[in-house]
Amino acid sequence: MAVSEKTVPAAKTFTIALAGQPNTGKSTVFNRLTGSRQHVGNWPGKTVEQKTGVFDIAGKHYSLVDLPGTYSLTANSLEERISRSYILDERPDLVIAMVDASQLERSLYILAELVMLPAPVIMVLNMMDVAAEQERRIDVKELEQALGIKVVPMSAAKNQGFAELQAAIAQASMGELDYKPQKPGLKEEHTLLIKDLQQRISRLIPYAYPVDWAAMKLLEGDSELVETLRERMKKDEWAQLEAILGQYPDGALLVAESRFNWIQEITAQAVSSPERRRLPLRSRFDRAATHPLWGKLIALAIVLAAIMGSMLVGAPVAMGIMSGMTLLSGVLSKAMAGMPAWLAAAVVNGLVPGLSFALAMLAFVLAVFLVIGILEDVGYMARLGYITDRFMQRIGLQGKAFMPMFMSFCCNVSGIMGARVIDSWKQRLIVIALVPIIPCAAVWGVTGFISSIFFSTGASIIVAAMLVAVVLQLALSSFLLRRFVVTGESGGLIMELPPYHKPDWKNIIIFVWLRGKEFVKRAGSLIVLVTMLIWVLSYLPYGSMESSYLASFGRLLEPLGGLMGMDWRLIICLIAGFVSKEAALASMAVVFGLGEAASSLTAVLGTTAEQVSLGAYLATAISPATALAFYLPCCFPYPV
Amino acid sequence: MLNALLKQLENGGVQSVSLLASRLGVSEPMLAGMLDNLERMGYIEKLVPGCDNGRCSNCYMKAGCNNNQPFIWKITAKGLNCTLLHERFPAC
């Protein structure tokens, strides 16, 4: 690759290339070394930013070129081509390889490629402070010996290690650097293959390319090199080479394997991680939290605590909102006395009760989001999804089927949508059938609200009991599905679980606020719409609920509702819930609000334990909540 | 090493990075590097949990679905093919 005159340093200037993977602190080192003596432009003919700069050490002038951050030097991306072309064609006097000490094995991969190239390399082991926090001990001397190159430990963020780096650069510029790199190589059984490839390409590769490096790149299927050789080789030579390479369709894997073996050998003696007994409390907890048995017990305890916590926060706020709205209803009733009767009824018996329930539910939804926000922020939420996998395996669902189930904890709709990624239609069908069983945030809100109406402070116990029932329902479904539906496997998944950390309250509050705002915006308009529709149907044709179209329709379905201990009014609410769970609540407010004269919350919903027998009371009180917890979620994703 | 990782994925189930690293006898940063590479080479792919941006755009709950989602990888057809090849030709 050609480099413009502007970017090529003066002939006698010692030129250094700064290479490494992204996020290893390259920019910090570049800025610290060059200060304000930088030039920012583009790589010639490319849209990739190029940063060059100069600096002096003990009166000697140096030029520094910041190469694009890349994970490897295969010609897969523009950045990779720029980096390797610069090192091969421009031959800098020194390459500084930036490596993240806290992710040492991961970021050593590019070094395994750099040491194969002609320019000498020194390694800057940045983020030593982070590695120390992780209790990872890195023996720099041992690492230096294993690599055969100079290693400079650094904590760039703390401004530590720059003097040592400058000393190493000065040493290199005086030719005093001891440079005998240990290079990665393929396993013994592939030695002949590599030698054969080297012989075939040695005369044809570009002058700047080391032949051992080029042979490895060819085996990797490097597109740039393959193209060059295809152009330069005779047809029969190329055909022979292609036939050899064709025997190794996964040659790239062989080469990558050799580099990882090299990394393993290099770090075996130089790096030590904390012993298991000395693991920090968080790691020990994580072992338990992801354990097949303890993980489930911990999850159950955390979910129960979360439900109770959200009920404790949501219930008093909801009751406060209901009292406020009751007062408002009274004021509006008086203020609209002179207006047409239908208008006053629409506002006082339709709109206000509907909005009251929507706002009261908002209190529960926010409480649930608060709990979800905390669990996500501390890093536990992903574990909750992870440990459900054992259950998924028991019912014959694997791999991608796990994702929609995991997403359903937030919203069943996204879970059902997510089922589209599953290749097997049988598995897709089973997932769609199972997703609604998982209680989403809205279900928690609705069931919590309804339960709190009837059970006051005992609502959390009722909701927890419903959760246990949900688990039992899942177990029953698993039994039936295993018995009647045979499913195939679809491969496994690997999850990178986020690390635990202390909750960031600012983040959590923003999380809850944004979701609350979204809820008010979307659910608010939907609830008003459903409320008014229900009210219109309950008002027409004679202005009386009992003789309305809604009542006629509801009574048709009453025999079905009777099986669940519900009268026709509750059945109507359940049907409204097909649109969304909170629409069911709003309908409940309208239907019962019109049927009962009183506007207080308990009066609107009818009964108390003292008024009727306990059996009838429990049947009516629990049925709406359980029905909402178990039946279909918002129906609109099903046709998708 | 990389083949063993692909084999683990082929076997099914969901595994955490720490569990898999311990099964393969490598450190977590090493496993992370292996995953990076396999993904770049097309043997595994990263899945993005969360809402479908198009279809979920009107859902008021969507904001809660894309927060702090974990990284998830799955084996691709190329990866499956390689593990099959490896059984027949260990040097694939």
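Conventions adopted
Residues numbered from 1 in each chain as written. Chains lettered and ligands numbered in written order. Predicted model: local features only at pLDDT ≥ 70, side-chain atom pairs only at ≥ 80, totals over all residues. Heavy atoms only, no water. Axes fitted to C-alpha atoms, helices over the stretch in contact; angles between N-to-C directions. Helix = DSSP H or I, 4+ residues; strand = E, 2+ residues; numbered from the N terminus. Parallel < 35°, antiparallel > 145°, perpendicular 65-115°, else oblique. Left-handed = near helix turned anticlockwise from the far one by under 90°. Contact = heavy atoms within 4.5 Å. Nonpolar A, V, L, I, M, F, W, Y, C, P; charged D, E, K, R; others polar. Salt bridge = Lys/Arg side-chain N within 4 Å of Asp/Glu carboxyl O. Buried < 20%, exposed > 50% of the residue type's maximum accessible area, 1.4 Å probe, protein only. Pairing = 2+ DSSP bridges. Core = buried A, V, L, I, M, F, W, Y, C linked by side-chain atoms within 4.5 Å. Domains from an automatic or database assignment. pLDDT = per-residue confidence, 0-100.

## Some points on the packing of helix α12 (residues 251–270) of chain A against helix α3 (residues 28–41) of chain B
Relative orientation of the contacting elements α12 of chain A and α3 of chain B amounts to 165°, with a least axis distance of 11 Å. Considering their axes alone, α12 of chain A and α3 of chain B lie roughly antiparallel with respect to each other. Read as a crossing pair, α12 of chain A and α3 of chain B show a hand that is right-handed. Every residue of α3 of chain B that contacts α12 of chain A at Ala252, Leu253, Ala256, Phe260, Ile263 and Gln264 of chain A is listed here: Met30, Gly33, Met34, Asn37, Leu38 and Met41 of chain B. Each residue belonging to the contact of α12 of chain A with α3 of chain B can be placed in one class, and the counts come to 9 nonpolar, 3 polar and no charged.

## Observations concerning the pattern of salt bridges
Residues and elements named next belong to chain A. As enumerated under the stated definition, the model contains 16 salt bridges over all chains in all. In this structure, the salt-bridge partner of Glu144 is Lys141, at a minimum N-O distance of 3.5 Å. Of the two residues, Glu144 and Lys141 are both situated in helix α6 (residues 140–147); the distance of 3 residues between them amounts to about one turn of the helix. Residue Lys141 is classed as exposed on the basis of its relative accessible area, which comes to 58%.

## Remarks on the sheet that holds strand β6 (residues 121–126) of chain A
All names here are of chain A. Taken in spatial order, the 7 strands of this open sheet run β2-β3-β4-β1-β5-β6-β8, and their pairing is mixed. The strands lining the two open edges of the sheet, one partner per strand, are β2 (38–42) and β8 (151–153). Each strand of the sheet is rotated relative to its neighbour by a mean of 25°, with strand direction disregarded. Pairing of strand β3 (residues 49–57) with strand β4 (residues 60–66), which is carried by 7 bridges, proceeds in the antiparallel orientation. Bridge pairing links Val54 to Ser63 in β4. Lying on the sheet, helix α1 (residues 26–34) is in contact with β1 (14–20), β2, β3, β4 and β5 (94–100); it crosses β3 at an angle near 45°.

## Brief notes about the sheet that holds strand β1 (residues 14–16) of chain B
In space, the 4 strands of this open sheet follow the order β1(B)-β10(A)-β3(B)-β2(B), with mixed pairing throughout. Either end of the sheet is taken by a strand with one partner, and the two such strands are β1 and β2 (44–47) of chain B. Looking at each pair of strands side by side, their axes are set apart by 30° on average, direction ignored. Sheet analysis places strand β10 (residues 493–496) of chain A next to strand β3 (residues 71–75) of chain B, joined by 4 bridges and oriented antiparallel. Along β3 of chain B, the bridge assignment pairs Leu493 of chain A with Lys74 of chain B. Sitting on the sheet, helix α1 (residues 2–11) of chain B touches β10 of chain A together with β1, β2 and β3 of chain B, and the angle it makes with β3 of chain B is about 90°. Taken strand by strand, α3 of chain B contacts β10 of chain A together with β2 and β3 of chain B, and its axis lies near 100° from that of β2 of chain B.

## With respect to the nonpolar core
A general trend in soluble globular proteins is that nonpolar side chains are found buried together. All names here are of chain A. Leu111, Leu114, Met123, Leu125 and Leu143 are the most contacted members of the largest nonpolar core, which has 92 residues in total. Sort the elements by how many residues they give to this core and α12 lands first, with 10 residues. Shared between two domains, this core holds at least three residues of each, these being domain 1 (14–173) and domain 2 (188–272). When residues no more than four places from it in sequence are discounted, the contact partners of Leu111 are Ala97, Val121, Met123, Leu147, Ile149 and Trp262. Core analysis: the second largest hydrophobic core is formed by 57 residues, Ile307, Ala363, Ile372 and Leu574 among them.

## Overview of the confidence of the model for chain A
Interpreting fine coordinate detail is not advised for predicted regions of low pLDDT. Residues and elements named next belong to chain A. Chain-level pLDDT for chain A is 76 on average; 78% of the residues reach the 70-or-more range. A low-confidence stretch, residues 1–10 stays under pLDDT 50, and its non-local contacts, those more than four residues away or across chains, total 18 contacts. For the stretch residues 594–619, pLDDT sits under 50, and the model shows 40 contacts to residues farther than four places along the chain or on other chains.

## Considering the confidence of the model for chain B
Confidence along chain B averages 73 in pLDDT terms, with 62% of residues attaining 70 or more. Highest mean pLDDT in chain B belongs to α3 of chain B (89); lowest belongs to helix α4 (residues 77–88) of chain B (70).

## A short note on the environment of Ile508 of chain A
Residues and elements named next belong to chain A. Mapped onto the elements, Ile508 comes out in helix α23 (residues 505–539). Ile508 sits 138 residues away from Leu370 along the chain, and the two C-alpha atoms are 7.0 Å apart. When residues no more than four places from it in sequence are discounted, the contact partners of Ile508 are Leu370, Gly373, Ile374, Asp377 and Pro503.

## Brief notes about helix α9 (residues 211–220) of chain A
Residues and elements named next belong to chain A. With 8 of 10 residues buried, α9 lies mostly within the body of the structure. Those residues of α9 that fall on the buried side of the exposure criterion are Trp213, Ala214, Ala215, Met216, Lys217, Leu218, Leu219 and Glu220. Buried positions along α9 lie against α2 (78–90), α4 (109–114), α8 (191–201), α10 (223–232), α11 (235–246) and α12. Trailing α9 by a residue or two, Gly221 shows a phi angle of about 80°, which is positive.

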